[in-house]
Amino acid sequence: NDPATTEIYTLSLHDALPIYFEVFDKCTDTIIRQVADIGRMVDEFSSFARMPVAVLERDDLADTIRQAVFLESVRQPQIKISADIPEGPLFAHFDKRLIAQALTNLIKNGVEALENAGLDKVKTARICVSTRLENEFVRIDVKDNGNGWPRENRHRLLEPYMTTREKGTGLGLAIVAKIIEQHGGTIELRDADWGENNDIGGACFSFTLALLGAATSGGKTGKKAASGAVQGKEPQKSSDRKILVAK
């Protein structure tokens, strides 16, 4: 029961049996990783099964993006995670908690893509979240410089339990798609565009949200979004709610 005695005893064992402790440390690390993987899978199954209905309210989308990027950049210091958005607020009509979850899922998806590509093989592993205005909507792009989307049937990755990764649950992108659908937004799975450095490659998940005013005309804030329709507008048909474009 004496911590000092235990520490001395442990050090003695390390000196006497270093090879066994090396194996023990590797086994412990493996167990910790496996438990973390199981915890992540349980969280994803729970999130998908208990997806709350979006409550669309006036909020600062830029602040939500900055917070998500900051938190994930702290968790993943080996990857350059950045936000390319204008300074100041960007008000839109969305559920802050669900969009924060969607952004976190997309950034984590990018992290996994980079890890699968091999961080040691990528000159500068990066993930960037950017925004741009498109009439009454704001488009959010989340891109990475991993291996990119598959060339064929990439839109199927938005279906539940569809994954190309050995340890994937196939729910991360399905959860995001369900969240965007509830906001009446559109989704595009594009090849990443890095401007002058476009030979970098990678994947880009692009989606839209309604700006304040575009989604609230005739409606009230703080109300639940019904059937994925935008507040203040007639509910859309199921086939019109989500636009998937593979480019």
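That block above? That's the structure.
Attention in this report is confined to the structure presented alongside it. Source: prediction; values computed, not measured.

Once that is clear, we can look at helix α3 (residues 61–75). In an α-helix, one turn spans 3.6 residues, which is why side chains three or four residues apart end up on the same side. If you check α3, its first and last C-alpha atoms are 22 Å apart, about what 15 residues at 1.5 Å a residue would give, namely 21 Å. Residues of α3 that are buried include every one of Leu-61, Ala-62, Thr-64, Ile-65, Ala-68, Val-69 and Glu-72, and no others. Burial along α3 is one-sided: seen end-on, the buried residues are contained in an arc of 160°. What points out from α3, more than 90 degrees from its buried face, is the exposed set Phe-70 and Val-74.

Once that is clear, we can look at the environment of Glu-134. Mapping Glu-134 onto the fold places it in strand β4 (residues 126–134). Classification of Glu-134 as partly exposed rests on a relative accessible area of 28%. Along the backbone, Glu-134 and Thr-208 are 74 residues apart, and their C-alpha atoms lie at a distance of 8.8 Å.

The subject of this paragraph is the packing of aromatic side chains. For the coordinates displayed, the defined rule picks out 1 aromatic pair. Considering the side-chain rings of Phe-205 and Phe-207, the 6.3 Å spacing of their centres and the 65° angle between planes classify their relative orientation as edge-to-face. Accessibility assignment for this pair places Phe-205 and Phe-207 in one class, buried. Its end group placed over the ring of Phe-91, Arg-58 keeps NZ or CZ at 3.9 Å from the ring centre. In this structure, Arg-126 is placed above the aromatic ring of Trp-194, and the distance from its NZ or CZ to the ring centre is 5.5 Å.

Residues Phe-70, Leu-71 and Val-74 make up a contiguous nonpolar surface patch of roughly 310 Å² in combined accessible area. For Leu-71, the position within the fold is in helix α3.

Across the interface, helix α4 (residues 96–117) lies against helix α5 (residues 172–182) with an axial gap of 9 Å and an inter-helix angle of 150°. Regarding the angle of α4 to α5, the classification is roughly antiparallel. Considering how the two elements wind past one another, α4 and α5 form a crossing that is left-handed. Mapping the contact onto sequence places Leu-98, Ile-99, Gln-101, Ala-102, Asn-105, Leu-106 and Asn-109 in α4 and Gly-172, Leu-173, Ile-175, Val-176, Ile-179 and Ile-180 in α5. The residue makeup of the contact of α4 with α5, split by class, is 9 nonpolar, 4 polar and no charged.

Most often, soluble globular proteins have nonpolar side chains that are buried together. Leu-61, Leu-103, Ile-140, Phe-205 and Phe-207 are the most contacted members of the largest nonpolar core, which has 46 residues in total. Those elements giving two or more residues to this core turn out to be α3, β3 (91–94), α4, β4, β5 (137–144), α5, β6 (187–191) and β7 (203–210). Per-element tally for this core: the top contributor is α4, with 8 residues. Beyond its immediate sequence surroundings of up to four residues, Phe-205 is in contact with Leu-106, Ile-140, Asp-141, Val-142, Trp-149, Leu-158, Leu-173, Val-176, Ile-187, Glu-188 and Leu-189.

All chains considered together, the criterion is met by 9 salt bridges. The salt bridge partner of Glu-188 is Arg-139, with a shortest N-O separation of 3.4 Å. Taken together, the residues Glu-188 in strand β6 and Arg-139 in strand β5 connect sequence positions 49 residues apart. For Glu-188, a relative accessible area of 10% puts it in the buried group.

What counts and what doesn't
- Along each chain, residue indices are assigned from 1 in the same order as the chain's sequence is written.
- This being a predicted model, a pLDDT of at least 70 is required before a residue's local features are given, and a value of 80 or more before pairs of side-chain atoms are given or counted; all residues contribute to the totals for chains, interfaces and linings.
- Based on all heavy atoms of the structure, the side-chain values leave hydrogens and waters out of the count.
- The helix count covers DSSP runs of H or I at least four residues long, the strand count covers runs of E at least two residues long, and both are numbered beginning at the N terminus.
- One less than the residue count of a helix, multiplied by 1.5 Å, gives the span that helix is expected to have.
- Exposure classes here rest on a 1.4 Å probe applied to the protein chains alone. A residue is buried below 20% of its type maximum, exposed above 50%, and partly exposed in between.
- When we speak of the arc, we mean the arc of directions from the helix axis to the C-beta atoms.
- We call Phe, Tyr and Trp rings a pair once their centres come within 6.5 Å, taking the six-membered ring for Trp, and we label the pair stacked below 30 degrees between planes, edge-to-face above 60, and tilted otherwise.
- We call a charge positioned above a ring when the Lys NZ or Arg CZ atom is no farther than 6 Å from the ring centre and deviates by at most 35 degrees from the ring normal.
- Distance thresholds for patches are 9 Å for like charges and 5 Å for nonpolar side chains (Val, Leu, Ile, Met, Phe, Trp, Tyr), applied to residues having over 30% relative accessible area and no salt bridge.
- Here the open area of atoms and residues is found with the Shrake-Rupley method and a 1.4 Å probe, where only the protein chains shown may cover a residue.
- Each reported salt bridge corresponds to a side-chain nitrogen of Lys or Arg within 4 Å of a carboxyl oxygen of Asp or Glu.
- Between N-to-C directions, angles span 0 to 180 degrees; the directions come from axes that are lines fitted to C-alpha atoms, helices contributing only their stretch in contact.
- Angles below 35 degrees are treated as roughly parallel, those above 145 as roughly antiparallel, those between 65 and 115 as roughly perpendicular, and all remaining angles as oblique.
- Handedness of a helix crossing follows the sense of rotation of the near helix relative to the far helix, less than a right angle counterclockwise being left-handed and clockwise being right-handed.
- Any two residues having at least one pair of non-hydrogen atoms within 4.5 Å are treated as being in contact.
- Gly is placed with the polar residues, together with every amino acid not listed as nonpolar (Ala, Val, Leu, Ile, Met, Phe, Trp, Tyr, Cys and Pro) or charged (Asp, Glu, Lys and Arg).
- We call a set of buried residues a nonpolar core when its members are Ala, Val, Leu, Ile, Met, Phe, Trp, Tyr or Cys and they connect through side-chain atoms within 4.5 Å of each other.

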